[in-house]
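Each chain, letter by letter, is given below.
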Amino acid sequence: MALYNGKVYRGTLDAHMVALDQKTGKEVWKTKVAEWKEGFSIIGAPLVANGVVVTGLSGAEFGIRGFIDSYDPDTGKRLWRRYTVPAPGEKGSETWPKNSKAWATGGGSTWITGSYDPQLDLMYWGTGNAAPWNPDSRPGDNLYTASVIAVRPKTGEIVWHYQLVPNEMFDLDANWEWIIADIPHNGVTRKVVMHMSRGGFLYVVDRTNGQLIAAPAFEKVSWASHIDLATGRPVETPLAKDFRAGKQIELWPGQWGAKNWAHAAFNPETGLLYANTMHNSRLVKKDNPGEYKVGARYVGFENLPAPREAGRPIGHLEAIDPISGKPRWRQAEQYAPSYSSMLATKGGLLFSGKATGEFAAFDIDSGAQLWQFKTPSGINAQPITFTHKGKQYVAIQSGLGGTGVLRQGDLFAGQPRNGSLWVFALADD
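In this report, we go over the structure that sits alongside the text. What you are looking at is a predicted structure, and each value in this text was computed from that prediction instead of being measured. (Residues numbered from 1 in each chain as written. Predicted model: local features only at pLDDT ≥ 70, side-chain atom pairs only at ≥ 80, totals over all residues. Heavy atoms only, no water.)

### As for the overall build of the protein
Put simply, the rule is: Each helix corresponds to a stretch of at least 4 residues labelled H or I by DSSP, and each strand to a stretch of at least 2 residues labelled E; elements are numbered beginning at the N terminus. The globule rule used for comparison is 2.2 Å times the number of residues to the exponent 0.38, while the radius of gyration itself is calculated over C-alpha atoms. Only protein chains enter the accessibility calculation, which uses a 1.4 Å probe. A residue is then buried if its area is under 20% of the maximum for its type, exposed if over 50%, and partly exposed in between. For every accessible area listed, the method is Shrake-Rupley and the probe measures 1.4 Å; residues are considered covered only by the protein chains on display. Charge counting treats Lys and Arg as positive and Asp and Glu as negative, with His and both chain ends excluded. By convention, the point assigned to a charge is CZ for Arg, NZ for Lys, CD for Glu and CG for Asp.
A count of helical and extended segments in the protein gives two helices and 32 strands. Expected size for 429 residues packed as a compact globule is a radius of gyration near 22 Å; at 21 Å, the protein falls within 12% of this value. Across its three principal directions, the C-alpha atoms of the protein cover 70 × 55 × 55 Å. A buried classification covers 55% of the 429 residues belonging to the protein. Carbon together with sulfur atoms contributes 51% to the accessible area of the protein, which is approximately 18500 Å² in total. Here the protein contributes 45 positive and 41 negative side-chain charges, whose respective centroids are spaced 3 Å apart.

What follows is the structure in structure tokens.
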């Protein structure tokens, strides 16, 4: 949710925006954003930026045309809509095939909340995969899918963009959090946004102009050999070319990604990113997506488990240098990858949850676990910290669910699904 001027703002699964009175919970306004029967939904928090409420939406697997919307916080009136796939004649439309309506079902969901820099007055929204996943019907770069766009909150103007994966074909969303930071690079402090991608590369982009600064791999990657810093484009491997030719390949990282939607954290004192990452592959192959039908899945992709040697870790908790992509330390998690976000504190701690229900604190310098508390269910939420009457607290939601559980098969069979909120006070000593 988002809080602003005494109101609580949230999106709904049936694609509405709702404003509630913060003190009473009474509905102030409700506005329809899109038609859920066409595949649209809202599953991320809205963003309040420069006095307006902005929301993204999901649905690329249903062949939607992605966008972000801006609303008046007092009335719910829509102020502007910025599509992430341009129509014919609009800037970027030349990256879609001519004499085709591929753009109208082109994907580019905006389902994870953007970031906002009030000094530059720019929002940074990541966009999702192109649709369908099978790229045969949409030759070209397919802007602005699998990209980050810098947008003015008052007008919806796209000031700059950077596309991570042109002609994206592996469900390599660029939605995950874009972390705002000022970091030293070649003797100069750079204003950047940083993104640990599903595709296994860690992107560091100048947030003033969209220039790519670094893009090292932080996990095993088979679909591209590297990112060309001069062009900003990935250099595809022969394996990716085999996939385009219709062959089955083992894709690293798999569809779960090298990191999924669980947010990373950045500590400006250490200069490092901290994240729950994934080490897993999938066997993938193009398939016929069939004819587009409103509200039906539109993918064209075969996705199967890949063989995995016994004992190989499938998840890690790690500290990563954003410029080199190298881990400062890395702790293996063999039981299950974590879908819980990371919280870094000035006091030298990291907080995160585990799918098996433990809420834990780790040493920021080594990754060693210092404390844990077992909650009644698994955790796939994000911890927060706050102060009240001079005392600091850390809180987490427990309650296993979502696709993260479905992907684990029988791993969590029998584990309770009940939801609860846990709040802990930091000891005075």
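### Focus on the sheet that holds strand β4 (residues 27-32)
Keep this limit in mind: By definition, two strands form a pair when at least two bridges between them are found by DSSP. Axis angles are defined between N-to-C directions and span 0 to 180 degrees, where every axis is a line fitted to C-alpha atoms and, for a helix, only to the segment in contact.
Taken together, the four strands give an open sheet; going across it, the order is β1-β2-β3-β4, and neighbouring strands pair in antiparallel fashion. The sheet terminates laterally at β1 (2-4) and β4, the two strands that pair on one side only. Each strand of the sheet is rotated relative to its neighbour by a mean of 20°, with strand direction disregarded.

### Some remarks on the sheet that holds strand β20 (residues 265-267)
One open sheet holds the four strands; their spatial order is β20-β21-β24-β25, and the pairing between them is antiparallel. On the outer flanks of this sheet lie β20 and β25 (327-333), each paired with one strand and no other. Taken over all neighbouring pairs, the strand axes of this sheet differ in orientation by 20° on average, direction set aside. Both strand β21 (residues 272-278) and strand β24 (residues 315-320) contribute to a ladder of six bridges, which runs antiparallel. From the neighbouring strand, Ala 275 faces β24, where its bridge partner is Glu 318.

### Looking at the packing of aromatic side chains
We count it as follows: Stacked, tilted and edge-to-face pairs are distinguished by plane angle, under 30 degrees for stacked and over 60 for edge-to-face with tilted covering the rest, among Phe, Tyr and Trp rings (Trp via its six-membered ring) whose centres lie within 6.5 Å. Only when the NZ atom of a Lys or the CZ atom of an Arg is both within 6 Å of the ring centre and within 35 degrees of the ring normal do we say a charge sits over the ring.
In the structure shown here, the tally under the stated rule is 22 aromatic pairs. The interplanar angle of 40° and the centroid separation of 6.3 Å between the aromatic rings of Tyr 274 and Trp 329 together place this pair among those described as tilted. Of this pair, Tyr 274 sits in strand β21 while Trp 329 sits in strand β25, placing them 55 residues apart in sequence. For the pair Tyr 274 and Trp 329, a shared accessibility class is recorded, and that class is buried. Linked through ring pairs, Phe 351, Phe 359, Trp 371, Phe 373, Trp 422 and Phe 424 together constitute an aromatic cluster. The side chain of Arg 81 reaches across the aromatic face of Phe 67, ending 3.7 Å from its centre.

### Re the side chain of Asn 267
Test applied: Between two residues, a contact is recorded if the distance between any of their heavy atoms is within 4.5 Å.
Residue position: Asn 267 is located in strand β20. A residue is classified by how much of its surface remains accessible, and Asn 267, at 6% relative accessible area, is buried. With sequence-adjacent residues up to four places away left out, Asn 267 is seen in contact with Leu 272, Tyr 274, Thr 345 and Ile 364.

### What to know about the nonpolar core
Our working definition: Joining through side-chain atoms within 4.5 Å is the link that ties buried Ala, Val, Leu, Ile, Met, Phe, Trp, Tyr and Cys residues into a set, and such a set is a nonpolar core.
Of all hydrophobic cores here, the largest spans 31 residues; its most connected members are Tyr 162, Phe 170 and Tyr 203. Those elements giving two or more residues to this core turn out to be β10 (122-126), β11 (147-151), β12 (158-163), β15 (202-206), β17 (224-227), α1 (238-244) and β19 (249-251). Contact partners of Tyr 203, with chain neighbours within four places excluded, come to Tyr 162, Leu 164, Trp 178, Val 193, Met 194, His 195, Ser 197, Leu 212, Ala 214, Ala 215 and Ile 227.

### A word on the environment of Thr 12
Topologically, Thr 12 is positioned in the loop between β2 (7-11) and β3 (16-21). Spatially, the C-alpha atom of Thr 12 lies 7.0 Å from that of Ser 41, the residues being 29 residues apart in sequence. Apart from residues lying up to four places away in sequence, Thr 12 is in contact with Val 18, Ser 41 and Ile 42.

### Section: the environment of Trp 176
Among the structural elements, Trp 176 can be located in the loop between β12 and β13 (179-185). Its relative accessible area of 0% is what places Trp 176 among the buried residues. With 133 residues separating them in the primary sequence, Trp 176 and Ile 43 have C-alpha atoms 13 Å apart. Sequence-distant contacts of Trp 176, that is, excluding residues within four places in its chain, are made with Trp 111, Ile 112, His 195, Met 196, Ser 197, Arg 198, Lys 259, Asn 260 and Trp 261.

### As for the pattern of salt bridges
Oppositely charged side chains can form a pair if their charged atoms are brought close together. Under the convention used in this document: What makes a salt bridge here is a side-chain nitrogen of Lys or Arg within 4 Å of a carboxyl oxygen of Asp or Glu, nothing more.
Evaluation of the coordinates by the stated rule reveals 17 salt bridges. The partner of Glu 318 in a salt bridge is Arg 330, with the nearest N and O atoms 3.3 Å apart. Linking Glu 318 in strand β24 with Arg 330 in strand β25, this pair joins segments that are twelve residues apart in sequence. Exposure remark for Glu 318: the relative accessible area of 1% places this residue in the buried category. Taking relative accessible area as the criterion, Arg 330 reaches 37% and is therefore assigned partly exposed. Several salt bridges converge on common partners, so that one network encompasses Asp 117, Asp 182 and Arg 207.

### Considering a nonpolar patch on the surface
Spelled out, the test is: By definition, no residue in a patch forms a salt bridge, and every one has over 30% relative accessible area; like charges are joined within 9 Å, nonpolar side chains (Val, Leu, Ile, Met, Phe, Trp, Tyr) within 5 Å.
The grouping of Ile 384, Phe 386, Leu 421 and Val 423 at the surface amounts to a nonpolar patch, some 370 Å² of accessible area in total. Turning to its location among the elements, Phe 386 is positioned in strand β30 (residues 384-388). For Phe 386, a relative accessible area of 34% puts it in the partly exposed group.

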